[in-house]
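Spelled out, the chains give:
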Amino acid sequence: MTLALDTAAQDLLFREAHTANAFTDEPVTDEQMQALYDLIKYAPTAFNQSPLRIVLVRSEEARERLVAHMSEGNQAKTKAAPLVAILAADSEFHEELPALFPHFPQAKDVFFSERPVREKSAELNAALQAGYFILGVRAAGLAAGPMTGFDAAGIQKEFLDADHTPMLVVNIGKPSEDAYRPRSPRLAYDQVVSVV
């Protein structure tokens, strides 16, 4: 069965895409990031809540502050990447729901009046959006190096606030020749999919 995406797009987004560990020094522009966001913002989240918040770390001073909170194995590549993004979940996303979910603006209070409910929903839906973000990076012709090896409390204190929980740090840029490790195995269809 054929897919709607042509083979080149399938390869760009999935088959030939890898987590990048090294990049060229070619800059990643604000225009590229705007185009990327303008694409991924249409991907679905529950109640259209869109809890993902993105901090682009561009300045050398901010980069040094971020690197200090990265795991040792992630420090050098984060320091050298052309651009780094901190992806966070906003537990106060419900404040935007009247605009984002206009056919039922009461959802803000009916479903999300309690913070623990918001935090759980924000974490799940921001994780979905983080996946979309990585695909957006690839769609922009760039490579992503997503990482969870960092001091989350330190990054939250340094760059965010108590309402924003860091989920991923993503290095972004054009991959260098030595950017990739060999692809790791994947599970087969019948190991993952069951029919009832």
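Conventions we followed
Residues numbered from 1 in each chain as written. Predicted model: local features only at pLDDT ≥ 70, side-chain atom pairs only at ≥ 80, totals over all residues. Heavy atoms only, no water. Helix = DSSP H or I, 4+ residues; strand = E, 2+ residues; numbered from the N terminus. Rg over C-alpha atoms; globule rule 2.2 N^0.38 Å. Buried < 20%, exposed > 50% of the residue type's maximum accessible area, 1.4 Å probe, protein only. Contact = heavy atoms within 4.5 Å. Areas by Shrake-Rupley, 256 points an atom, 1.4 Å probe, with all protein chains shown as cover. Lys, Arg positive; Asp, Glu negative; His and termini not counted. Charge placed at Lys NZ, Arg CZ, Asp CG, Glu CD. Salt bridge = Lys/Arg side-chain N within 4 Å of Asp/Glu carboxyl O. Core = buried A, V, L, I, M, F, W, Y, C linked by side-chain atoms within 4.5 Å. Patch = residues over 30% accessible without salt bridge, like charges linked within 9 Å, V, L, I, M, F, W, Y side chains within 5 Å. Axes fitted to C-alpha atoms, helices over the stretch in contact; angles between N-to-C directions. Parallel < 35°, antiparallel > 145°, perpendicular 65-115°, else oblique. Left-handed = near helix turned anticlockwise from the far one by under 90°. Nonpolar A, V, L, I, M, F, W, Y, C, P; charged D, E, K, R; others polar.

**Student:** Please set out the overall build of the chain residue by residue, giving values where relevant.
**Tutor:** Counting secondary structure elements, the chain contains nine helices and four strands. Counted from the first residue to the last, the chain has its helices and strands arranged as α-α-β-α-α-β-α-α-α-β-α-β-α. Over its C-alpha atoms the chain spans a radius of gyration of 18 Å, differing by no more than 12% from the 16 Å that the globule rule assigns to 196 residues. Seen along its three principal axes, the alpha-carbon backbone of the chain occupies a region of about 50 × 50 × 35 Å. When burial is assessed residue by residue, the chain has 40% of its 196 residues classed as buried. A sequence separation of at least 24 residues applies to 79% of the contacts in the chain between residues at least 6 apart. Working note: accessible area of the chain is about 11500 Å², and carbon and sulfur atoms make up 56% of it. Of the charged side chains in the chain, 18 are positive and 27 negative, and the gap between their average positions amounts to 3 Å.

**Student:** Tell me what's going on with the pattern of salt bridges, and back it up with residues and numbers.
**Tutor:** On inspection of all chains with the given rule, the structure shows twelve salt bridges. One salt bridge in this structure joins Arg 58 and Asp 30, with 2.9 Å as the shortest N-O distance. Taken together, the positions of Arg 58 in the loop between strand 1 (52-57) and helix 3 (60-67) and Asp 30 in helix 2 (residues 30-40) put the pair 28 residues apart, joining distant regions of the chain. With a closest N to O distance of 2.8 Å, Arg 115 and Glu 119 form a salt bridge. Of this pair, Arg 115 and Glu 119 both sit in helix 7 (residues 115-139), separated by four residues, roughly a single helical turn. Judged by relative accessible area, which is 27%, Arg 115 ranks as partly exposed. Residue Glu 119 is classed as partly exposed on the basis of its relative accessible area, which comes to 38%. When salt bridges with common partners are traced through the structure, they connect Glu 92, Arg 115, Arg 118, Glu 119 and Asp 163 into a single cluster.

**Student:** Mind laying out the nonpolar core, listing which residues take part and the relevant values?
**Tutor:** Core analysis: the biggest nonpolar cluster contains 26 residues, and Met 33, Leu 87, Phe 133, Val 137, Val 170 and Ile 172 have the highest contact counts within it. Looking at this core, the elements that each hand over two or more residues are helix 2, strand 2 (83-90), helix 7 and strand 4 (164-173). Per-element accounting of this core gives the leading share, six residues, to helix 7. Apart from residues no more than four positions distant in its own chain, Val 137 is found in contact with Leu 36, Leu 142, Ala 143, Ala 144 and Ile 172. By size, the runner-up hydrophobic cluster in this structure holds 18 residues, among which are Ala 20, Ala 62, Met 70 and Met 147.

**Student:** Report on a nonpolar patch on the surface, specifying residues and quantitative values.
**Tutor:** A contiguous nonpolar surface patch, about 580 Å² in accessible area, is contributed by Leu 187, Tyr 189, Val 192, Val 193 and Val 195. Counting through the fold element by element, Val 195 comes out in the segment after helix 9 (189-192).

**Student:** Outline the packing of helix 1 (residues 7-15) against helix 7, supporting the account with residue identities and numerical values.
**Tutor:** Direction vectors running N to C along helix 1 and helix 7 enclose 130°, while the axes themselves pass 9 Å from each other. Viewed along their axes, helix 1 and helix 7 adopt a mutual orientation that is oblique. The handedness of the crossing between helix 1 and helix 7 is right-handed. Note on element contacts: helix 7 touches helix 1 through Leu 135, Arg 138 and Ala 139, opposite Leu 12, Leu 13 and Phe 14. Here the contact of helix 1 with helix 7 is built from residues that sort into five nonpolar, no polar and one charged.

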